[in-house]
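# Residue-level structure breakdown
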Amino acid sequence: MAYMINDTCIACGACESVCPVEAISQGDEFYEIDPDVCVECKGHYDEPQCADVCPTESCVPLED
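Now for a description of the structure that goes with this document. (Residues numbered from 1 in each chain as written. Predicted model: local features only at pLDDT ≥ 70, side-chain atom pairs only at ≥ 80, totals over all residues. Heavy atoms only, no water.)

### Concerning the environment of aspartate 36
You can see aspartate 36 is positioned in the loop between β3 (31-33) and α2 (49-53). On the basis of relative accessible area, aspartate 36 is assigned to the exposed category, the value being 74%. Between the C-alpha atom of aspartate 36 and that of alanine 2, which follows or precedes it by 34 residues, the distance is 7.8 Å. (Helix = DSSP H or I, 4+ residues; strand = E, 2+ residues; numbered from the N terminus. Buried < 20%, exposed > 50% of the residue type's maximum accessible area, 1.4 Å probe, protein only.)

Below is the structure:
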């Protein structure tokens, strides 16, 4: 399962620089995570880094 960024994102950009696989990019209104690229930081970190640095808790697991 991948992570996503919901509409509470304030487009601060904190998440983009911490993604080890460059799955995060600026969208039209807020940042977006490419679910085909996101690995939830597995093999890189113990916890998803985007969720750790997000000041608005906008980085959440993608719902099926």
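Okay, back to it.
### What to know about unusual backbone geometry
Positive phi outside glycine occurs at glutamate 40, with the angle close to 55°. Within the fold, glutamate 40 resides in the loop between β3 and α2. A relative accessible area of 16% means that glutamate 40 is categorised as buried. In this structure, glutamate 57 takes a positive phi of about 55° despite not being glycine. Tracing the backbone shows glutamate 57 in the loop between α2 and β4 (59-61). Residue classification places glutamate 57 among the exposed residues on the basis of a relative accessible area of 64%.

Keep in mind these values describe shape, not function.
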